[in-house]
Amino acid sequence: MEIQTLLMILIGLHVLPGVFWVGSTFVLARLGGVGAEKFTIPQLIAAGVVFITGMSLWSQTHPLSAGFGPAEQVLATGAICALGAAGVQSLFVLPAVRTLVMAGGGTTGGAARTRIAVAESVAATLLAITVVCMVIARYV
Ligand code: HEM
C-alpha cells in the first residue's frame, strides 16, 4: 500500500473517533453528566482507537530520527492532554457510572452525577487543548 493511502486511512480513523470522543464529552459536560451511562464505554473505545492511530501517524510522519522540534512538542502536549482526559474518564466517570447503573439509573443521581459532571468538564477542557494542538502542530 502506498504511504499516501495509508496516511489517509490513518487520519480518517484518527479524526472520526476523535470527533465523537471530544463532541460527546462536551455534550456530557454541558448536560451535567446526563447520558453518561450510554456514552462512557463507547468514548473509552474511541479513545483507544484515537491513541493507536495517533501513535501510528506519529511513527509515519514524525520519525524519531527527525528530532523533537516545535511540531512534535505541540503534538506531544495534545497527546498528553488526551491521555489525561481518558484517565479522568476511566478513573472518575466509569466508577460513578457503575454506581448509577447499580442504583437503577434515572437522570438524577446525586453525588455520582455531580462527580461525572465535574470530571466531564475537566476532560472537555483537556480535549479542547488537544484539538487545538493537533490542528496547529503542522504550522508551528
Ligand atoms: C493520544 C492522543 C493523540 C495522539 C498521539 C495524536 C497524534 C496525532 C498525529 C501524529 C497527527 C499527525 C500530525 C501530522 O500530520 O503532522 C495527528 C493529527 C490530527 N489529530 Fe491527533 N493525536 C491524538 C489525539 C487526538 C484527538 C483526541 C483528536 C480530536 C479530534 C485529534 C485530532 C487530530 C486532527 C484533526 C489531526 C489532523 C491535523 C492536520 O492534519 O492538520 N487527535 N494526531
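Here we summarise the structure given alongside this text.

Thresholds applied
- Residues numbered from 1 in each chain as written.
- Predicted model: local features only at pLDDT ≥ 70, side-chain atom pairs only at ≥ 80, totals over all residues.
- Heavy atoms only, no water.
- Donors = N, O, S within 2.8 Å, 3.2 Å for Na, K, Ca; no water.
- Tetrahedral: all angles 85-135°; square planar, octahedral: opposite > 155°, others 65-115°.
- Helix = DSSP H or I, 4+ residues; strand = E, 2+ residues; numbered from the N terminus.
- Disulfide = S-S within 2.5 Å.
- Buried < 20%, exposed > 50% of the residue type's maximum accessible area, 1.4 Å probe, protein only.
- Polar contact = N/O pair within 3.5 Å; in protein donor to acceptor, adjacent residues only side chain to side chain.
- Contact = heavy atoms within 4.5 Å.
- Near = heavy atom within 4 Å.

The next thing to look at is the coordination of the iron atom of the ligand. Distances from the iron atom of the ligand to its protein donors, H14 (NE2) and M134 (SD), fall at 2.0 to 2.3 Å. Each of the six donor atoms bound to the iron atom of the ligand contributes to angles spanning 84 to 179°, and the resulting shape is octahedral. Taken together, the residues H14 in helix α1 (residues 3-30) and M134 in helix α4 (residues 110-136) connect sequence positions 120 residues apart.

For the rest of this paragraph, the subject is the state of the cysteines. Counted under the stated rule, the structure contains zero disulfides. A disulfide-free cysteine, C81 has its sulfur positioned 6.1 Å from the sulfur of C133, the nearest such atom. Owing to a relative accessible area of 12%, C81 belongs among the buried residues under this scheme. Taking the relative accessible area as the measure of exposure, C133 reaches 9% and is therefore buried.

What follows covers the environment of R30. Mapped onto the elements, R30 comes out in helix α1. Each C-alpha atom of the pair R30 and S65 lies 43 Å from the other, and the pair is 35 residues apart in sequence.

Bringing the side chain of Q43 into the picture now. Here Q43 lies in helix α2 (residues 36-61). At a separation of 2.9 Å, a polar atom in the side chain of Q43 contacts the side chain of S24. With residues near it in sequence (within four places) discarded, Q43 still touches F20, W21, S24, T25, L28, Q89 and E120.

Attention now moves to the site of the ligand. Looking at the ligand, there are 21 residues lining it, with H14, F51, H62, M134 and R138 nearest. One nitrogen or oxygen atom from the side chain of H14 is found 2.8 Å from a nitrogen atom belonging to the ligand. R138 is positioned such that a nitrogen or oxygen atom in its side chain is 2.8 Å from an oxygen atom of the ligand. Of all the elements in the fold, those that place two or more residues in the shell around the ligand are α1, α2, α3 (70-102) and α4. Broken down by element, the shell around the ligand gets its largest block of residues, seven residues, from α1.

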